[in-house]
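# Coordinate inspection notes
Residue-level listing of the chains:
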Amino acid sequence: MNNGSKWWVTLVEGIVAILLGLYLVFGGDAAAGNVALVLALYMLIVGVLALLRRSDDAIGRYQGIVAVIVGALVLFLYAFNILPFYWDMTIFAIGAVLVGLMGLYSEFFDRGGRSLSWSRVLVNALLLVLGIMVFFARVQDFDLQAVIGWILIAMGVIIAVWGYLNRDEEEEVEEVSAEVVQDKIEDTREDASDEASE
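Let us look at the structure shown here. The shown structure was predicted, so the numbers you read here are calculated from the model rather than taken from an experiment.

### Overview of the environment of Gly-149
On the secondary structure map, Gly-149 appears in helix H7 (residues 144-197). Residue Gly-149 is classed as buried on the basis of its relative accessible area of 0%. Sequence-wise, Gly-149 and Tyr-23 are 126 residues apart; in three dimensions their C-alpha atoms are separated by 7.4 Å. The contacts of Gly-149, once residues within four sequence positions are left out, are Gly-21, Leu-24 and Val-25.

This is the structure in structure tokens:
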């Protein structure tokens, strides 16, 4: 597969973001009390999927690990009501900023020979913006629930479309790789038969 990527994992990540975003935007009062839960679930799912998707990308693995830790921590704190909502959101915001920055660093400075992916840049930038928005929500008066919901929907659409479009490219890379391997096997057999006949 192309750089350890699995298109279906990316598609699942996009669908999850869209569903969680729709819940926040249209869930009303029921969703209002669960913003931290939704964000923790999103971060945990994104982290697990990042670990599945980026098998050969060190920064991608670290990004996934940070996302899993932040998601699990916020989920734990939320489930047992250990800290006030304010702190749950602050921990999420710090995690979102870190994961977004790690993703942007990876795309701009540590691509490992692959071309720049503007969809990854956009998604990581939106994650960074999401973390910053959560910080500013403490001092500004705006509907954080709706803003987070729309950002998740935008991220989800970008991720899902990118994952679906990469499907064809990934299948082509696998087909070309299989052909190259087959050609190498045939060349090796020919070389072996030529050596045997000499």
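And the narrative resumes.
### Notes on the side chain of Glu-107
Within the secondary structure, Glu-107 sits in helix H5 (residues 85-109). Residue classification places Glu-107 among the buried residues on the basis of a relative accessible area of 1%. A polar contact is formed between the side chain of Glu-107 and the backbone nitrogen of Ser-117, at a distance of 2.9 Å. Filtering out sequence-adjacent residues up to four positions away, Glu-107 remains in contact with Arg-114, Ser-115, Leu-116, Ser-117, Arg-120 and Val-121.

### Quick look at the pattern of salt bridges
All told, the structure shown has one salt bridge when counted by the stated rule. In this structure, Arg-120 engages Glu-107 in a salt bridge whose closest nitrogen and oxygen atoms are separated by 3.6 Å. Here Arg-120, found in helix H6 (residues 118-136), pairs with Glu-107, found in helix H5; they are 13 residues apart in sequence, far enough to count as distant. Neither Arg-120 nor Glu-107 differs from the other in exposure class; each is buried.

### Quick look at the packing of aromatic side chains
Going through the model one piece at a time under the given rule, you end up with six aromatic pairs. Consider the rings of Phe-108 and Phe-109, whose centres lie 6.5 Å apart with planes at 55 degrees: the pair is tilted. Residue Phe-109 is classed as exposed on the basis of its relative accessible area of 64%. Members of the aromatic cluster, connected to one another through ring pairs, are Tyr-105, Phe-108, Phe-109 and Trp-118.

Rules used in this analysis
Residues numbered from 1 in each chain as written. Predicted model: local features only at pLDDT ≥ 70, side-chain atom pairs only at ≥ 80, totals over all residues. Heavy atoms only, no water. Helix = DSSP H or I, 4+ residues; strand = E, 2+ residues; numbered from the N terminus. Buried < 20%, exposed > 50% of the residue type's maximum accessible area, 1.4 Å probe, protein only. Contact = heavy atoms within 4.5 Å. Polar contact = N/O pair within 3.5 Å; in protein donor to acceptor, adjacent residues only side chain to side chain. Salt bridge = Lys/Arg side-chain N within 4 Å of Asp/Glu carboxyl O. Phe/Tyr/Trp six-rings, centres within 6.5 Å; stacked < 30°, edge-to-face > 60°.

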